[in-house]
Amino acid sequence: MATQFRFAEEKDAGKILYFIQRFADFQKTGDSVVATEELLRTWMFQHKAAEAFFAMEGEKEIGFVLFNHGFSAHKGRPSIYLECIYVLPEYRGMGVGTELMHELSRIARERDYVRVEGCAPDWNPGSGRFYNSLGAEELNGWTLYRIHGEALSQL
């Protein structure tokens, strides 16, 4: 499938939220979404804390990627952190997810970023196989730690 892509604009906040909600439902974390269109407009487009782009079939958004930026202290260069990738169910198995990852990698190379990284849930071995098929390296021996909520308030 020869997918076209387009970067999200501020007017797309509702579409971004729609895809975030679908992604969260797929990840079995749908009840944790507190994002709103206004929050997305503020943080993604005014503060430029994250970016998103859509996979398009004609004028229809059929998938999306949301990412933010990190920095490799060891390499001295920026990186991309893949926050979420989602393809509508009726377009799965057609290579759209792979094309989204190719586009994200192209963006990283074009910007001279050192890497693209993200995480996948342990309960979904299919996502691990997907990332491995793209040449992704599992970082065994590393555990993701998150400070949030009450712990963040108290720290």
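Scroll up a little and you will see the structure.
Below is a short write-up of the structure. (Residues numbered from 1 in each chain as written. Predicted model: local features only at pLDDT ≥ 70, side-chain atom pairs only at ≥ 80, totals over all residues. Heavy atoms only, no water.)

Some words on the overall build of the chain
Consideration 1: A tally of regular secondary structure across the chain gives 5 helices and 5 strands.
Consideration 2: For the chain, the succession of helices and strands along the chain, N to C, is β-α-α-β-β-β-α-β-α-α.
Consideration 3: Against the globule reference of 15 Å for 155 residues, the chain gives a C-alpha radius of gyration of 16 Å, in line with a compact fold.
Consideration 4: Every one of the 155 residues in the chain was classed for burial, and the buried ones make up 33%.
Consideration 5: If you take every contact in the chain between residues at least 6 apart in sequence, the share linking residues at least 24 apart comes to 61%.
Consideration 6: Accessible surface, the chain: about 10,100 Å² in total, of which carbon and sulfur atoms supply 53%. (Helix = DSSP H or I, 4+ residues; strand = E, 2+ residues; numbered from the N terminus. Rg over C-alpha atoms; globule rule 2.2 N^0.38 Å. Buried < 20%, exposed > 50% of the residue type's maximum accessible area, 1.4 Å probe, protein only. Contact = heavy atoms within 4.5 Å. Areas by Shrake-Rupley, 256 points an atom, 1.4 Å probe, with all protein chains shown as cover.)

Topic: the packing of aromatic side chains
Consideration 1: Taken as a whole, this structure holds 9 aromatic pairs when the rule is applied.
Consideration 2: For the ring pair F53 and F67, a centre distance of 6.3 Å and an interplane angle of 65° mean the geometry is edge-to-face. With F53 in strand 2 (residues 51-57) and F67 in strand 3 (residues 60-72), this residue pair connects regions lying 14 residues apart in the sequence.
Consideration 3: Assessed through its relative accessible area of 1%, F53 is described here as buried.
Consideration 4: Judged by relative accessible area, which is 0%, F67 ranks as buried. (Phe/Tyr/Trp six-rings, centres within 6.5 Å; stacked < 30°, edge-to-face > 60°.)

Notes on the sheet that holds strand 5 (residues 116-118)
Consideration 1: If you walk across this open sheet you meet the 5 strands as 1-2-3-4-5, and the pairing is mixed. Two strands lie at the open edges of the sheet, namely strand 1 (4-7) and strand 5, each paired on one side alone. Taking the axes of each pair of neighbouring strands and ignoring which way they run, one obtains an average angle of 35° across the sheet.
Consideration 2: The pairing of strand 2 with strand 3 spans 7 bridges and is classified as antiparallel. Its bridge partner lying in strand 3, F53 is registered against V65. (Pairing = 2+ DSSP bridges. Axes fitted to C-alpha atoms, helices over the stretch in contact; angles between N-to-C directions.)

Comments concerning the pattern of salt bridges
Consideration 1: Inspection of every chain in the model, using the stated rule, returns 14 salt bridges.
Consideration 2: In this structure, E37 engages R41 in a salt bridge whose closest nitrogen and oxygen atoms are separated by 3.5 Å. Separated by 4 residues within a single helix, E37 and R41 lie in helix 2 (residues 37-46), roughly one turn from each other.
Consideration 3: With relative accessibility at 24%, the residue R41 sits in the partly exposed group.
Consideration 4: Where R41 meets E38, a salt bridge forms, and the shortest distance between an N and an O atom there is 3.3 Å. Of the two residues, R41 and E38 are both situated in helix 2; the distance of 3 residues between them amounts to about one turn of the helix.
Consideration 5: Among the ionic contacts, a cluster of salt bridges with common partners joins R6, D12, K15 and E61. (Salt bridge = Lys/Arg side-chain N within 4 Å of Asp/Glu carboxyl O.)

Purely geometric stuff here, so don't read any function into it on its own.
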